[in-house]
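# Results of the structural survey
Spelled out, the chains give:
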Amino acid sequence: MTNAGMPVASLERRVHLAAILICLGLVVLLLTLIRVHPLAFMAFILIGCPLVLAGILLFLYSIVSEEPMPRQRAT
Amino acid sequence: MIAPTVLEVFFIGIAVVLAGLIGARAELTRARGGKILAFLTLFILPVLAVTLGFSEHMQRAESTQFCLSCHVMNDFGRSLHVDDPSYIPAKHFQNNLVPRDRACYTCHTDYTMFGPFHAKVRGLRHIYVQYFGKTPAPAEITLYTPFNNRECLHCHAGMRVYQEEPKHNKTPDMMNRLNSNQVSCMSSKCHDTVHDVGTLDTVTFWKEGR
């Protein structure tokens with residue numbers, strides 16, 4: 001990864017972070033399915049959903065902000 | 001406990017594993033196939049998983065177990081087991097006139113287009129009051145608005161026992177007044193014994209399967 005150009009490393013770092021956020025959010029989602037309780041629902045809404053949403057947004061941002069290949073080669 | 005469907009858990013589990021894979025091997029996204037996998041794993045699957053989870057939680061929020069999980073609702077749960085058919089909720093619950101696993105929601109949702117949504121919003125307010133507000137004593141809990149006959153008629157409308165009940169036809173226009181909510185089923189001294197949690201110390205309880 002260190003040999004890759006800066007934009008590629010940056011993209012991979014963002015994808016890595018997005019994947020971690022989504023993983024955490026989905027794990028929270030799974031945990032909230034264990035019990036039928038209002039707090040489980042609140043944990044899903046207040047912790048699980050924001051984590052997954054943040055991960056998705058970060059991933060989408062990382063792919064739209066990726067520089068085109070020709071410019072990467074030029075640098 | 002209501003077990004989440006195996007398929008949902010399996011699906012979310014797969015999404016976790018794949019997201020973990022992309023997280024651990026972010027360099028996979030250098031190849032075209034990796035990019036497609038990342039898009040599926042970090043966008044499509046999480047959106048589907050959260051949608052599934054939301055749907056599951058919405059269904060659970062309609063369960064009797066969910067409603068009675070707050071301490072203040074205990075007496076309302078007990079009132080479903082009163083051994084006296086004049087207690088309307090108890091009669092409905094014990095005779096399966098409402099689904100037992102959705103007993104509260106069946107009567108306390110509004111049978112309108114956005115009724116289930118409004119019921120959920122009220123539920124969110126209840127959660128806030130339970131954890132951050134001042135919880136009233138069970139006997140002091142009242143409905144936001146008088147109980148609408150529409151909720152009763154969702155099931156009872158057209159039933160023979162309802163249509164032919166002499167008290168429902170006491171006057172020529174009684175049936176119309178009932179159907180249009182001008183005369184309340186609950187507060188017109190006909191079916192006015194509802195949860196009455198203040199009286200639970202003086203009643204006997206039905207023991208199922210005795």
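These numbers were taken from a predicted model, which means no experiment stands behind them.

### Quick word on the overall build of chain A
Helix and strand counts for chain A come out as 3 helices and 0 strands. Ordered by position in the sequence, the α and β elements of chain A form the string α-α-α. Counting all 75 residues of chain A, 33% fall into the buried class. Here the contacts in chain A between residues at least 6 apart in sequence split such that 68% fall between residues at least 24 apart.

### Here we look at the overall build of chain B
If you tally the helices and strands in chain B, you get 10 helices and 0 strands. When the helices and strands of chain B are listed from N to C terminus, the series reads α-α-α-α-α-α-α-α-α-α. Rg of the C-alpha trace for chain B: 24 Å, well past the compact-globule value of 17 Å for 210 residues, more than 25% over. Taken along the three principal axes of its C-alpha coordinates, chain B extends 80 × 40 × 40 Å.

### Digging into helix 2 (residues 38-64) of chain A
Residues and elements named next belong to chain A. Compared with an ideal rise of 1.5 Å per residue, which puts 27 residues at 39 Å, helix 2 spans 38 Å between its outermost C-alpha atoms and is within 8% of the ideal. The sharpest bend along helix 2 reaches about 35° and sits at phenylalanine 44. Among the residues of helix 2, Pro38, Ala40, Phe41, Phe44, Gly48, Leu51, Val52, Gly55, Ile56, Phe59 and Ser62 are the ones counted as buried.

### Considerations on the interface of chain A and chain B
Contact residues are listed per partner, giving 28 residues for chain A and 32 residues for chain B. Classifying every residue of the side of chain A that touches chain B by side-chain character gives 23 nonpolar, 3 polar and 2 charged.

### Things to note about the packing of helix 2 of chain A against helix 2 (residues 32-60) of chain B
Direction vectors running N to C along helix 2 of chain A and helix 2 of chain B enclose 165°, while the axes themselves pass 10 Å from each other. One way to sum up the angle between helix 2 of chain A and helix 2 of chain B is to call them roughly antiparallel. Between helix 2 of chain A and helix 2 of chain B the crossing geometry is left-handed. Contacts between helix 2 of chain A and helix 2 of chain B pair Phe41, Phe44, Cys49, Val52, Gly55, Ile56, Phe59 and Leu60 of chain A from the former with Leu42, Phe43, Pro46, Val50, Gly53 and His57 of chain B from the latter.

### Regarding the nonpolar core
Counting residues in hydrophobic clusters, the biggest one holds 31 residues, and the most contacted among them are Ile22 and Leu26 of chain A together with Ala19 and Leu42 of chain B. Elements represented by at least two residues in this core include exactly helix 1 (6-32) and helix 2 of chain A together with helix 1 (6-24) and helix 2 of chain B. Residues within four places of alanine 19 of chain B in sequence aside, it is in contact with Ala19, Ile22, Cys23 and Leu26 of chain A together with Thr41 and Leu42 of chain B. By size, the runner-up hydrophobic cluster in this structure holds 12 residues, among which are Phe66, Leu80, Ile88 and Phe93 of chain B.

### Thoughts on the domain arrangement of chain B
Accessible area lost upon the coming together of the parts is a frequently used measure of interface size. Domain boundaries assigned for chain B yield domain 1 (6-60) and domain 2 (68-198). Spacing between the C-alpha centres of domain 1 of chain B and domain 2 of chain B amounts to 42 Å.

### Focus on the confidence of the model for chain A
Residues and elements named next belong to chain A. Model confidence for chain A is summarised by a mean pLDDT of 84, while 77% of its residues fall at 70 or above. In the model of chain A, helix 3 (residues 69-74) stands out as the element of lowest mean pLDDT, 54, in contrast to helix 2, which has the highest, 94. A low-confidence stretch, residues 1-5 stays under pLDDT 50, and its non-local contacts, those more than four residues away or across chains, total 6 contacts.

### Remarks on helix 2 of chain B
All names here are of chain B. Here helix 2 is 29 residues long and its end C-alpha atoms lie 41 Å apart, about the 42 Å a rise of 1.5 Å per residue gives. Taken as a whole, helix 2 carries its principal kink of about 30° at leucine 45; the proline proline 46 stands between one and four residues after it. Within helix 2 the residues assigned to the buried category are Ala38, Thr41, Leu42, Leu45, Pro46, Ala49, Val50, Leu52, Gly53, Glu56, His57 and Arg60.

### Details of the environment of isoleucine 22 of chain A
Summarising the element assignment, isoleucine 22 of chain A is placed in helix 1. C-alpha separation for the pair isoleucine 22 of chain A and leucine 51 of chain A, spaced 29 residues apart in sequence, amounts to 6.2 Å. In this structure isoleucine 22 of chain A touches Val52, Gly55 and Ile56 of chain A together with Ala19, Leu42 and Pro46 of chain B, once residues within four positions along its chain are discounted.

### Section: the packing of helix 1 of chain B against helix 2 of chain B
Residue and element names in this part refer to chain B. Two numbers describe how helix 1 lies on helix 2: the axes approach to 9 Å, and their chain directions differ by 150°. Taken together, the axes of helix 1 and helix 2 lie roughly antiparallel to each other. Along this stretch, helix 1 crosses helix 2, giving a crossing that reads as left-handed. For the pair formed by helix 1 and helix 2, the contact residues are Glu8, Phe11, Ile12, Ala15, Leu18, Ala19 and Ile22 on the first element and Leu37, Ala38, Thr41, Leu42, Leu45, Pro46, Ala49, Leu52, Gly53 and Glu56 on the second.

### A few points about the environment of cysteine 70 of chain B
Topologically, cysteine 70 of chain B is positioned in the loop between helix 3 (64-67) and helix 4 (74-78). Distance in space between the C-alpha atoms of cysteine 70 of chain B and glutamine 130 of chain B is 7.4 Å, their sequence separation being 60 residues. Look past the residues within four positions of cysteine 70 of chain B in its chain and what remains in contact with it is Pro38 of chain A together with Gln130 of chain B.

Conventions and cut-offs
- Residues numbered from 1 in each chain as written.
- Chains lettered and ligands numbered in written order.
- Predicted model: local features only at pLDDT ≥ 70, side-chain atom pairs only at ≥ 80, totals over all residues.
- Helix = DSSP H or I, 4+ residues; strand = E, 2+ residues; numbered from the N terminus.
- Buried ≥ 20, exposed ≤ 12 C-beta atoms within 10 Å, placed from the backbone.
- Contact = placed C-beta atoms within 7 Å.
- Rg over C-alpha atoms; globule rule 2.2 N^0.38 Å.
- Expected span 1.5 Å × (residues − 1).
- Bend = angle between axes of the 7 residues up to and from the residue.
- Nonpolar A, V, L, I, M, F, W, Y, C, P; charged D, E, K, R; others polar.
- Axes fitted to C-alpha atoms, helices over the stretch in contact; angles between N-to-C directions.
- Parallel < 35°, antiparallel > 145°, perpendicular 65-115°, else oblique.
- Left-handed = near helix turned anticlockwise from the far one by under 90°.
- Core = buried A, V, L, I, M, F, W, Y, C linked by C-beta atoms within 7 Å.
- Domains from an automatic or database assignment.
- pLDDT = per-residue confidence, 0-100.

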